[in-house]
Amino acid sequence: MLTNIELFEYSKAHPEELLDSFYAKNKIILPMISTEDNNLTINNKKLLDLITAFSVLNRDYKKSFTDDTVQNIINDIISILDKTENINYSAFVQFFMVHNFTYSIYTTLSADDKKYLIYEMLKKYCSERHGLYTEHGYTNTILQVMCDNYSHKRNSKTGIEKVLSILNNGRNFSHLNKNENLLEQDNYYFLPDKGDKNIFETFLNVLNLKMESRNIEQNKLPDIIFKTGGKYYVFELKTMKEGGGGQNKQIVEVAYFIKFTEDNPDVHYITFLDCNYSNVIFHDNSPKVVAQRNDIIKALQDNPGNYFLNTAGLVKFIDEIYTE
């Protein structure tokens, strides 16, 4: 069994991939063939036609909000925006943000407020963008580009799911039921912050644990706890792509987490630092990062039962500790 320092060095020698396929959020919203249409492309074309019609009426005929034809255009646009999935990626809707407004706010408006908002946005869009985009050529590609741009905001796989996928890769871990005896069972996990708080409190009481790490942030719960070979592993998980700002605070927290120990030698604290920023922690030689890395190493030296791992280190670690 590798020591915690050896596993730290193993993690260092096996950095994170720059592109982690586990977190890919590939959502295709356009037909694969340009000559084909779907509901989004059809309604996006209708939207552009309506914008063009409004532009002519407003610019050349000085038609205002109260004009019946303008009202019909506004109502048709609202119908498209309200009923077309992914229309928020259109050039017109993305323009809302130029004026400090968003599609999500639009969806909360009353019917009358929507009409007023669309009218005002149409005037601004036709003045500031429609001619420019017409000159350069509108394309449905923008819909996919904006969809890709917002991929980081979509619900997708989490770091916890990544840990669980590693746990169950050729192994047999089960989710501990609240009615099962956590002392008698083995090869299980539970998620204190995802519905298993009662199991966590039982865990603390049965094993008589201090869990002083919760002093970092009041009432903060560990991300995942699993048991194998009669030993318990308490996880703090951070998924970090880059440093700076609040990220530096998170690094201080994860280094702090592995400074704690319990009187029970079967309980171990583990920090799993996922994604590209772990490469910085392991390899960057700027003074701030060197100080953070030395703090982590010192915590590991003082607490040989605790671990600081990246993805490769976690896989290696679980391979070594898992027992059937």
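Up top is the structure.
Residues numbered from 1 in each chain as written. Predicted model: local features only at pLDDT ≥ 70, side-chain atom pairs only at ≥ 80, totals over all residues. Heavy atoms only, no water.

Here we look at the overall build of the chain
For the chain, the helix and strand inventory stands at 13 helices and six strands. On C-alpha atoms alone, the chain measures out to a radius of gyration of 27 Å, which is more than a quarter above the 20 Å that the 2.2 N^0.38 rule sets for 324 residues. For the chain, the spread of C-alpha atoms along the principal axes amounts to about 80 × 50 × 40 Å. Counting all 324 residues of the chain, 44% fall into the buried class. Pairs at least 24 residues apart make up 71% of the contacts formed inside the chain by residues separated by at least 6 positions. Accessible area for the chain stands at about 17200 Å²; split by element, carbon and sulfur atoms hold 48% of it. Considering the chain, the positive charge centre built from 35 side chains and the negative charge centre built from 43 side chains are found 5 Å apart. (Helix = DSSP H or I, 4+ residues; strand = E, 2+ residues; numbered from the N terminus. Rg over C-alpha atoms; globule rule 2.2 N^0.38 Å. Buried < 20%, exposed > 50% of the residue type's maximum accessible area, 1.4 Å probe, protein only. Contact = heavy atoms within 4.5 Å. Areas by Shrake-Rupley, 256 points an atom, 1.4 Å probe, with all protein chains shown as cover. Lys, Arg positive; Asp, Glu negative; His and termini not counted. Charge placed at Lys NZ, Arg CZ, Asp CG, Glu CD.)

Thoughts on the environment of Leu-18
Tracing the backbone through its elements, the reader meets Leu-18 in the loop between α1 (4-13) and α2 (39-60). Leu-18 gets classed as exposed once you look at its relative accessible area, which sits at 65%. Each C-alpha atom, one on Leu-18 and one on His-130, is 38 Å from the other, the two residues being 112 residues apart in sequence.

Observations regarding the pattern of salt bridges
Evaluated as defined, the whole model comprises 16 salt bridges. Note that Lys-210 is salt-bridged to Glu-262, the shortest N-O span being 3.8 Å. Here Lys-210, found in the loop between α9 (197-207) and β3 (224-228), pairs with Glu-262, found in the loop between α10 (246-257) and β5 (267-274); they are 52 residues apart in sequence, far enough to count as distant. For Lys-210, a relative accessible area of 40% puts it in the partly exposed group. Between Lys-210 and Asp-263 there is a salt bridge; the shortest N-O distance is 3.9 Å. Taken together, the positions of Lys-210 in the loop between α9 and β3 and Asp-263 in the loop between α10 and β5 put the pair 53 residues apart, joining distant regions of the chain. (Salt bridge = Lys/Arg side-chain N within 4 Å of Asp/Glu carboxyl O.)

Side note on the sheet that holds strand β1 (residues 174-175)
Strand order across the open sheet formed by six strands is β1-β2-β3-β4-β5-β6, with mixed pairing between neighbours. Where the open sheet ends on each side, the last strands, each with one partner, are β1 and β6 (307-309). With three bridges connecting them, strand β2 (residues 188-190) and β3 associate as antiparallel partners. Considered in β3, the bridge of Tyr-188 is made with Lys-227. (Pairing = 2+ DSSP bridges.)

A closer look at the pairing of β3
Taken across its five residues, β3 has five buried, putting it largely inside the fold. Neither face of β3 is open: one carries Ile-224, Phe-226 and Thr-228, the other Ile-225 and Lys-227, and all of them are buried. Note: β3 against strand β4 (residues 231-239), five bridges, orientation antiparallel. Residue pairing for β4: Lys-227 is matched across the bridge by Tyr-232.

Details of unusual backbone geometry
The backbone phi angle of Asn-86 is positive, close to 75°, even though this residue is not glycine. Mapping Asn-86 onto the fold places it in the loop between α3 (68-83) and α4 (91-95). Of note, the phi angle at Asn-187 is positive, near 55°, even though the residue is not glycine. Tracing the backbone shows Asn-187 in the loop between β1 and β2.

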